[in-house]
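# Observations on the three-dimensional arrangement
Okay, here's what each chain looks like letter by letter:
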Amino acid sequence: MNTNSLSFAILLGLVAPYVSATTETDLSNTFQHEANLTFGTHTDGFDDGLWNVDYRYYFNPVDAEKGPYALSGFLAQESNIGAQYAQIAVVTDIVAYQVDGTYVFDSNWFIGAQYNRIDLGNDGFDVAPSVDDIVEYEAHIGYFFNATSEISFSYQTSSTSDTQSFSSPEYSYSYSDDSDYQLYSIAMHSFIPLASSSGLDLLASWSYFDQEYKSNTTNSVYEDFKKSGKTNSNTVKLSADWYINKAWSVGANYIWSQYDTDAEYIRAENSDRYSIDDTSHEYAITTAYWWQISQHFAAKFSVAKQFGLDGDGLADGLLIGISANARF
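Summarised in this report is the structure supplied together with it. Predicted model, so just to flag it, every value in this text is computed and none were measured.

Analysis parameters
Residues numbered from 1 in each chain as written. Predicted model: local features only at pLDDT ≥ 70, side-chain atom pairs only at ≥ 80, totals over all residues. Heavy atoms only, no water. Helix = DSSP H or I, 4+ residues; strand = E, 2+ residues; numbered from the N terminus. Polar contact = N/O pair within 3.5 Å; in protein donor to acceptor, adjacent residues only side chain to side chain. Buried < 20%, exposed > 50% of the residue type's maximum accessible area, 1.4 Å probe, protein only. Pairing = 2+ DSSP bridges. Core = buried A, V, L, I, M, F, W, Y, C linked by side-chain atoms within 4.5 Å.

With that settled, consider the side chain of Gln292. Within the secondary structure, Gln292 sits in strand β12 (residues 270-292). A polar contact is formed between the side chain of Gln292 and the side chain of Trp290, at a distance of 2.7 Å. Within the structure, the side chain of Gln292 is placed 3.1 Å from the backbone oxygen of Phe297, a separation counted as a polar contact.

On to the pairing of strand β4 (residues 95-104). When you tally the buried positions in β4, you get seven out of 10 residues, the bulk of the element. In terms of strand pairing, strand β3 (residues 80-88) meets β4 through eight bridges, oriented antiparallel. Of the residues in β4, the one forming a bridge with Ala83 is Val99. A loop of four residues connects β4 with strand β5 (residues 109-119), the two strands running antiparallel in sequence, and Asn108 in this loop sits at a positive phi of about 80°.

Right, let's get into the nonpolar core. Judged by nonpolar contacts, Tyr69, Ala70, Leu71, Phe74, Leu75, Phe191, Tyr243, Trp290 and Ala298 together constitute the single largest core of nine residues. One finds Ile88, Ile94, Ala96 and Ile118 within the second-largest nonpolar core, a separate group that totals eight residues.

Where strand β1 (residues 30-42) lies against strand β14 (residues 319-327), nine bridges are found, and the strand directions are antiparallel. Bridging from a neighbouring strand, Glu34 pairs with Arg327 of β14. Sheet topology places strand β13 (residues 297-307) next to β14; eight bridges connect them, and they run antiparallel. Each bridged residue has a counterpart across the sheet, and for Ser302 the counterpart in β14 is Gly321.

On to unusual backbone geometry. With phi around 55°, Gln77 is a residue other than glycine that occupies positive phi space. Locating Gln77 in the fold gives a position in the loop between α2 (72-76) and β3. Among the residues examined, Gln77 registers a relative accessible area of 17% and is labelled buried. Notably, Asn108 is not glycine yet its phi reads approximately 80°, a positive angle. Summarising the element assignment, Asn108 is placed in the loop between β4 and β5. For Asn108, a relative accessible area of 32% puts it in the partly exposed group.

Here it is, written out as structure tokens:
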């Protein structure tokens, strides 16, 4: 995965947890369709914001009055299918698509699958070539152990390859790239109703990432170049959101990551190896608010302040999410 696709994935991952958070106005008691149009960005790079459109259909009506409005889908514990389209505002040739579905059994067990594709828009010869798209497949299984809690296990995999070549009387070039990874995760999600406020939303997860990659570059001017490596990482995520009422929440989250990379570079007869074994800690405080404009339409706002991101360009400023929601 190149720098652009990695930045896209990071921004998408940062925006998603915070764009859903209504005033205590009249709201239709049930809905089966939900759609969102969301813009997420960072104040230090506002023009590089992410546009996202998503839609979800629930097989049975969802009670919008059961707990915080932002958690209606989670608390419903209903079978559903959904689709999503996302695009970086400036880098318009990078887009992401997602289709997913979950089926809930009468026994409170559930299973699901998800298909993701990131289209990098790299057509033709490129001095820094990469695959044109990244396709990911995911399967998950879980269990609702009470009316407001679940545990789930998921497996995600992706395999990509690319070949490019260029030839002229003065210069010839060829490039090949192969990469695959597996991601294993376990997560627990629970909402705890409180007498004095709406309640606490708690989430804890652990994931293990394992990737192998290799590439080979040959040309008629410079020395041939080969690269291969392996990366694995462990990530723990903890988050807690206090819903003061059904509309407004404040919270915090923590991410701990441990990663190990071992790579080899071969140029002509020279070979270099390097390895990195390190850990990182990231924190954030958040707030989100849902404004119910009419019976079926709402606006959602969220702000997050991140810490522990020194050196990656997001250490200062705020992460912002603005969304238009429709339920019917």
